[in-house]
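Below are the chains, spelled out letter by letter.
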Amino acid sequence: MTTSLDRRSFITGAAGIAAASALAPQALLAAEGPSVPNTTPTPAFFAAPEAITDIAEEFDYDVVVVGAGASGVPAAISAYEAGARVALIQKESTAISQGNTSDSILLDESEPAGVAAVESLINQDCAHRSRRDQVDLWAHNSGEALRWLWNLGEKAGAQMVDATMKWTAAIQQVDGYHISYFAFDFGPKPYNTGKGMADILTYAESQGLEVFYETAGKQFVKDESGRVTGVIAERADGTYVLFNAAKGVIVATGDFMNDDDMMSYYAPELSNIYRKQFNKTGDGHKMIVWAGGVMEDVCATKVLHDFDAGPGAMCDMPFLAVKDDGTRFCNEKRCEMAVMANFLNGPKDCGWYTQVFDADYMTACANWPGKLFDEEAMKDFMPEEDQEHKGVYEGLINTYKADTLEELAEKLGINAENFVATVERYNELCELGADEDFGKDAQWLVPVKNPPFYGMHRHIGLSAIMKGVNVDEHMAVVDANGEAIPGLYAIGNLAGNFYGSPDYPMTVPGLSLGRCHTQGYVTGRYVASL
């Protein structure tokens, strides 16, 4: 049926534009003195569109979740299990997510002071810009959430591996306090969280959850009081449908990495770094801004890595690292993989670098943090090996070995003359016992002398970009005055206030997905209870 929206207000116009004006970076203010008005123009990508009024069909639910990913799927299922009438709308034809690992804290096995210490550690790793209540929501609910998700995965037949010790052995003690974790991988690869979410969602549909695929959220509607009462979505055939939400709309549409204008505005330093995901165009950010929401006023946090060219457990080991021009560029012990793109974001580098070591690595690096893969296990990451490559994305493996440095450079496609000179210089520093070029501690100076020589040619890409809208402790979207917008919630990478650092912190592996799953689980139940 066709529905008139005359008695409801479409979310755009003056309110949305006023909120958008608070999005742009604020001018620096003097330490004392009057405030300086923000006159920065509203970004064009937040310009409000015309109202959609041609509604072909209308449905009534308690909770409507927009986006079927790592946070949206748990939100919809937890709300449904809590007794709410739930619609989950998804613009793609399946659930979409990425990555493998999620992490949580088991409160019943951890010291309370340890939980607090982990929260403070995360705040420190986020340049002291994360908001405590947001980190606290993860810390105090994640164990319950991930145990629940694991149980769902078992019922759904999802592929999962308990990876607690693999990822958390180094952080069992923080500031002298004990913490117990539960971490798991959707995997092994090429299975990942996206496939896990799809399998879990298929199971949830069999239990009665209503999912509308190829149905993209476009605009919110409000009643006379200013409460968000529903969302207008566009179906694959171009018609529009209104999903009314008596209790609330939960938006879980992910990030904006595939919107070129938003990326140029919020993360211009990534213009030469490839983006791993598709069709993530900031839809939820835009709809929420039109509704009066405000983008957080800290920088975007970028998740940059390559766990696939070589073993992920060796990615942060302080092997000699060289650019494609064959030159060394950093102190490898102080520069984990998550920050490498900061050195490699120019048009000549584009995120490429190589970790280099020789045949003695299993003994020479035996006490290094991480996990070494022996020569046999390394073959899974070597395209030249004529075998089945297990537990990897076969198109992304990129590790080579050779009997000479020149041959290795040729296989890697890097500058051989510079590379040989770099290795010779590095070996001199190892023999000297002092890194006069970059100051790496002598204990990590291991020469590259004995063939065969190995090179893991990593290509850093953008996995996620976290810069979202301001929310309160219940994940309700707040306006420019910090007041909750009734009926509107944001979770996952769309929600702000959790990070704030330019680089994603890797101290707690699996934090990103753990946060998304937890916010979905908690927020779905909360909105259903209203």
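A brief report on the enclosed structure follows.

How each quantity is defined
Residues numbered from 1 in each chain as written. Predicted model: local features only at pLDDT ≥ 70, side-chain atom pairs only at ≥ 80, totals over all residues. Heavy atoms only, no water. Pairing = 2+ DSSP bridges. Helix = DSSP H or I, 4+ residues; strand = E, 2+ residues; numbered from the N terminus. Axes fitted to C-alpha atoms, helices over the stretch in contact; angles between N-to-C directions. Salt bridge = Lys/Arg side-chain N within 4 Å of Asp/Glu carboxyl O. Buried < 20%, exposed > 50% of the residue type's maximum accessible area, 1.4 Å probe, protein only. Contact = heavy atoms within 4.5 Å. Polar contact = N/O pair within 3.5 Å; in protein donor to acceptor, adjacent residues only side chain to side chain. Expected span 1.5 Å × (residues − 1).

1. A look at the sheet that holds strand 15 (residues 352-357)
Taken in spatial order, the 4 strands line up as 14-15-17-16 in an open sheet, and their pairing is antiparallel. The strands lining the two open edges of the sheet, one partner per strand, are strand 14 (320-322) and strand 16 (399-402). Sheet twist, expressed as the average angle between the axes of neighbouring strands with direction ignored, equals 25 degrees. Pairing analysis gives 4 bridges linking strand 16 to strand 17 (residues 453-459), with the strands arranged antiparallel.

2. Examining the pattern of salt bridges
Per the stated rule, a full pass over the model turns up 26 salt bridges. Asp 62 is the partner of Arg 85 in a salt bridge, and the nearest nitrogen-oxygen pair spans 2.7 Å. Here Arg 85, found in the loop between helix 2 (72-81) and strand 3 (86-89), pairs with Asp 62, found in strand 2 (residues 55-66); they are 23 residues apart in sequence, far enough to count as distant. Taking relative accessible area as the criterion, Arg 85 reaches 44% and is therefore assigned partly exposed.

3. Thoughts on the sheet that holds strand 8 (residues 181-186)
Ordered in space as 4-8-5, the 3 strands form an open sheet in which the pairing is antiparallel. Edge strands, defined here as strands with exactly one partner in the open sheet, are strand 4 (101-105) and strand 5 (160-162). Between one strand axis and the next, the sheet turns by 25 degrees as a mean value, whatever way the strands run. Those strands touched by helix 4 (residues 132-156) are strand 4, strand 5 and strand 8, and its axis lies near 130 degrees from that of strand 4.

4. Thoughts on the environment of Asp 162
Mapped onto the secondary structure, Asp 162 falls in strand 5. When near neighbours in sequence (up to four residues on either side) are disregarded, Asp 162 contacts Trp 150, Phe 182, Ala 183 and Phe 184. In this structure the side chain of Asp 162 is engaged in a polar contact, spanning 2.8 Å, whose partner is the side chain of Thr 164.

5. Here's the deal with the pairing of strand 8
Burial within strand 8 is extensive, with 6 of its 6 residues counted as buried. Going residue by residue along strand 8, you find Tyr 181, Ala 183 and Asp 185 tucked away on one face and Phe 182, Phe 184 and Phe 186 tucked away on the opposite face as well. Across 5 bridges, strand 4 lies against strand 8 in antiparallel orientation. When the bridges of strand 8 are listed, Ser 104 appears paired with Phe 182. Summarising the sheet, strand 5 and strand 8 pair through 3 bridges and their orientation is antiparallel. In the sheet register, Val 161 faces strand 8, and the bridge partner there is Asp 185.

6. Considering unusual backbone geometry
Residue Gly 187 is joined to Pro 188 through a cis peptide bond whose omega torsion reads 10 degrees. Position of Pro 188 among the secondary structure elements: in the loop between strand 8 and helix 6 (193-206). At the junction of Lys 189 and Pro 190, the peptide bond is cis and its omega measures out at 15 degrees in the coordinates. Position of Pro 190 relative to the elements: it lies in the loop between strand 8 and helix 6. Here the phi dihedral of Met 475 falls at roughly 70 degrees; this positive angle occurs in a residue that is not glycine. Unlike most non-glycine residues, Asn 497 shows phi in positive territory, near 80 degrees.

7. So, helix 6
Side chains three or four residues apart in an α-helix point the same way, a direct result of the helix having 3.6 residues per turn. Between the first and last C-alpha of helix 6 there are 20 Å, a value that for 14 residues agrees with the 20 Å anticipated at 1.5 Å per step. For helix 6, the complete set of buried residues consists of Thr 193, Gly 194, Gly 196, Met 197, Ala 198, Ile 200, Leu 201 and Ala 204. Tucked into the core, helix 6 has its buried residues touching helix 2, strand 3, helix 4, strand 8, strand 9 (210-212) and helix 13 (511-529). Among the residues of helix 6, the N-terminal cap falls to Asn 192, whose side-chain oxygen and the backbone nitrogen of Gly 194 are separated by 3.1 Å. Downstream of helix 6 by one or two residues, Gly 208 has phi in the positive range, about 115 degrees.

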